[in-house]
Amino acid sequence: MATMTFVQAIHDALAVEMERDPRVVLLGEDIGKNGGVFRATEGLWARFGPARVIDTPLAEAGIVGMAIGMALNGLRPVAEIQFADFIYPAFDQIVSELAKFRYRSAGQFPAPVVVRTPSGGGIKGGHYHSQSPEAYFIHTAGLKVAMPSTPADGKGMLAAAMRDPDPVIFLEPKALYRTVKGDVPEGDFVVPLGKARSVRSGEDVSLITYGATVHVAEEAAAIAAEEGIGVDVIDLRTLWPLDIDAVVQSVELTGRAVVLHEAPRTCGFGAELAALIQEKAFLHLKAPVQRVTGFDTPFPYALEKLYIPDARRVLDAVRAAMNF
Amino acid sequence: MDQQLTVALRDDGSVDPGLDPGLDGETLRFLFRKMVFLRALDEKALNLQRAGRIGFYIGAAGQEASEIGSGFALKPGDWVFPSYRDQGVALLHGYPLSSLIAQLFGNRLDATKGRQMPNHWCDRSRRIVSVSSPVATQLPQAVGAAYAAKMRGEKDAFIAYFGDGGSSTGEFHVAMNFAGVFRTPNVFFCSNNQYAISVPVSRQTATGSIAAKAAAYGFRGIRVDGNDVLAVYRVTLDALELARGGGGPTLIEAVTYRMGAHSTSDDPTRYRSAEEVEAWRKKDPVARFASHLRSLGLLDDAFEETIAEEAREEVRRAVAECESAPPVPPESMVEDVYAEMPWHLSEQREWLRQPGGR
Ligand SMILES: Cc1ncc(C[n+]2csc(CCOP(=O)(O)OP(=O)(O)O)c2C)c(N)n1
């Protein structure tokens, strides 16, 4: 075990997998000599060479399009999009191409590409450096969408994504890059995709979340415990395909659910979670599913603290579920 | 910016000695047969669509020289990133006719399980990559695939097809730029058939030639007479060899004309004059090659009729063989979305399997 920041854990996954598998290549903007604007690829260019750690021209459609072609021809590319907010120029390559290659070729052309990108707010980045685009990709059949919340998961899930036969949109909560530290197993280490993590057990309310808001949920759960409310906190880790069993089991136990994310509310992933809970655990519910989310606005610069759900808002929802 | 047009087959029926690929009589006849075959395939497919037996078709009539000339230049190991109009290239690259026809019907014989509309075929075993409807998306992908080969030291070339409309997309510029920067073994083959549906090439670019754009990306652009099968073959061969030998990418602009509609959903009389079509009809690539073969004593009326009849018969047989296959099974709808089926798709499959559930 080593203690690492979140971004160090991401770096470690890339280094270990590049060492393990010569098919792994990285491509993106500023990832070579500069080591990435968040330093996730620091030193890899010197270690693995410019043919495997590729500084590309500034064009996201090119980065993802090129990664698709690499994957079709036997490489395991990891494309870095510098900020999730700049993934939209590559949107067509992701949703029309990457997501559909396996299906449209009936399995002849799988495209195992990982698209890594720093996501979410909390770094004073304004609305072009803070967005949470997960719902677009969850909505697109053929993609897997993952978002770790701890350094260990950051490493293990990224390694799993790089070995996965399907394309994975790997969202890294950038607010956590340097603010969160934790123990991370050294060397070969994988956290399988599709399995949620129980962060904390409780019998009164299920609090279902992922990414940076896992830490907000933990804070809220600790305060709720002082009030005598047991909160069962679930970190989904992989958003899609979802670990539905973990969600349903928890809600069957507690009878109450709060879904929490930073992304905007309308048609956000929380809406899907609420619908699934309603479909699969209706008779266990003692209260309507509560949503705690960002606002239906572009991400604001000056008011980002207000935009991102905090423990107080989560507690309000937990109490509303309890008092319904 | 204009660029000179490369022409091998001159108006008087002779061949420019500097561009003559030097093919023997047998090979010349083979190319002619393939061009005639492609036209027969188009005619049959259009009839099938008119009769309601297939839903849609995109023809290549008028572009046979570009299709057959460039497709014939490929080696078996080369990769093809086609557009929806390149069935001629696919057939020359080994794609079986029966697979192509089955894809038109989208039934159980279709290797891609009826997932896409007609003209969207693929074949991994022949390195023919899955066709996409969004125009020009295949171009950056071809660069990535070429990069992979170059990285491993393999000597394959990667040809990507698109239209004049495709040359306006962001993906075209992105791909050209990436290929130039990485010097990947790519050949970009633009079939400039003068129209993107109804919009003329003058609305796609303010330059006189699409090939000229290559200069801006640091590599070779060639403007070739796309109705001249020998010239197309020759310049494609050169470009592929350059690519395989590490000489970097080439952009080929084949100047041609789509004789028919854009697709079976299109009415070209709304945007093209009869005179214009007539002027291009005089440059018909099949007739032009036929007269060349006649001048060489390789073709006469009887032989030409035999070739045409054989082509029609082969297409007829393939249609008869493919059309009556059963439909794709309902539950195949949820297959191949992921390598392993997740719970939500298993649930949807269960629903599809219920009698009366669909
Ligand atoms: C990105 C995109 N926009 C619009 C369309 C609709 N569309 C289909 S074909 C076509 C024209 C394409 O023309 P061109 O690239 O010249 O190829 P051609 O059909 O002439 O071979 C259009 C606009 C599309 N398929 N993709």
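Quick note: structure is the one above.
Residues numbered from 1 in each chain as written. Chains lettered and ligands numbered in written order. Predicted model: local features only at pLDDT ≥ 70, side-chain atom pairs only at ≥ 80, totals over all residues. Heavy atoms only, no water.

S.K.: Lay out the overall build of chain B with the relevant residues and their values.
M.R.: For chain B, the count of helices and strands is twelve helices and eight strands. Here the C-alpha radius of gyration of chain B, 21 Å, is about what a compact globule of 358 residues would show, namely 21 Å. Scored against the burial criterion, the 358 residues of chain B give a buried share of 57%. Pairs at least 24 residues apart make up 74% of the contacts formed inside chain B by residues separated by at least 6 positions. (Helix = DSSP H or I, 4+ residues; strand = E, 2+ residues; numbered from the N terminus. Rg over C-alpha atoms; globule rule 2.2 N^0.38 Å. Buried < 20%, exposed > 50% of the residue type's maximum accessible area, 1.4 Å probe, protein only. Contact = heavy atoms within 4.5 Å.)

S.K.: Lay out the packing of helix α1 (residues 25–50) of chain B against helix α10 (residues 285–295) of chain B in plain terms, naming residues and giving numbers.
M.R.: Residue and element names in this part refer to chain B. Close contact between α1 and α10 brings their axes to 10 Å; oriented N to C, the two are set at 155 degrees. Looking at the two axes, α1 sits roughly antiparallel to α10. The two elements α1 and α10 meet at a crossing, and its hand is left-handed. Where α1 abuts α10, its residues Leu28, Arg29, Leu31, Phe32, Met35, Val36 and Arg39 lie against Pro285, Val286, Phe289, Ala290 and Leu293. Residue classes in the contact of α1 with α10 are distributed as ten nonpolar, no polar and two charged. (Axes fitted to C-alpha atoms, helices over the stretch in contact; angles between N-to-C directions. Parallel < 35°, antiparallel > 145°, perpendicular 65-115°, else oblique. Left-handed = near helix turned anticlockwise from the far one by under 90°. Nonpolar A, V, L, I, M, F, W, Y, C, P; charged D, E, K, R; others polar.)

S.K.: Please provide a residue-by-residue account of the site of the ligand, values included.
M.R.: All names here are of chain B. Among the 14 residues in the neighbourhood of the ligand, the closest are listed as Tyr84, Arg85, Gly165, Gly166 and Tyr195. Separating an oxygen atom of the ligand from a side-chain N or O atom of Asp164 is a distance of 3.0 Å. Between the ligand and the protein, one listed contact pairs an oxygen atom with a side-chain N or O atom of Asn193 at 2.9 Å. Coverage of the ligand by the protein chains reaches 67% of its 580 Å² of free accessible surface. Each residue belonging to the shell around the ligand can be placed in one class, and the counts come to six nonpolar, six polar and two charged. (Near = heavy atom within 4 Å. Polar contact = N/O pair within 3.5 Å; in protein donor to acceptor, adjacent residues only side chain to side chain. Areas by Shrake-Rupley, 256 points an atom, 1.4 Å probe, with all protein chains shown as cover.)

S.K.: I'd like to hear about the nonpolar core, residue by residue, with values.
M.R.: A general feature of soluble globular proteins is that nonpolar side chains tend to end up buried together. Of all hydrophobic cores here, the largest spans 88 residues; its most connected members are Ile94, Ile208 and Leu236 of chain A together with Phe188 of chain B. Among residues more than four places away in sequence, those in contact with Phe188 of chain B are Leu139, Val143, Ala160, Phe162, Ala175, Met176, Ala179, Phe219, Pro249, Thr250, Leu251 and Ile252 of chain B. In this structure, Leu23, Ile128, Val286 and Ile307 of chain B belong to the second largest nonpolar core, which totals 71 residues. (Core = buried A, V, L, I, M, F, W, Y, C linked by side-chain atoms within 4.5 Å.)

S.K.: Requested: an account of the sheet that holds strand β11 (residues 231–235) of chain A, with residues and values cited.
M.R.: All names here are of chain A. Strand order in the open sheet made by the five strands is β9-β11-β10-β13-β14, with mixed pairing throughout. Each edge of the sheet is formed by a strand with only one pairing partner; in this case those strands are β9 (197–200) and β14 (290–294). Strand-to-strand twist of the sheet, defined as the mean angle between neighbouring strand axes without regard to direction, takes the value 25 degrees. As defined by bridge partners, β9 adjoins β11 across three bridges and the pair is classed as antiparallel. Bridge pairing links Ser198 to Ile234 in β11. Those strands touched by helix α12 (residues 311–323) are β10 (205–209), β11, β13 (257–264) and β14, and its axis lies near 165 degrees from that of β14. (Pairing = 2+ DSSP bridges.)

S.K.: Can you break down the pairing of strand β5 (residues 114–119) of chain A residue by residue, with the values?
M.R.: Residues and elements named next belong to chain A. A large share of β5 lies buried, amounting to six of its six residues. By the alternation rule, side chains of β5 split into Val114, Arg116 and Pro118 and Val115, Thr117 and Ser119, which are all buried. Two elements, strand β4 (residues 76–80) and β5, share three bridges in a ladder whose sense is parallel. Of the residues in β5, the one forming a bridge with Ala79 is Val115. As judged from the six bridges shared by β5 and strand β7 (residues 168–173), these two strands associate in the parallel manner. Bridge assignment links Val115 to a residue of β7, and that residue is Ile169.

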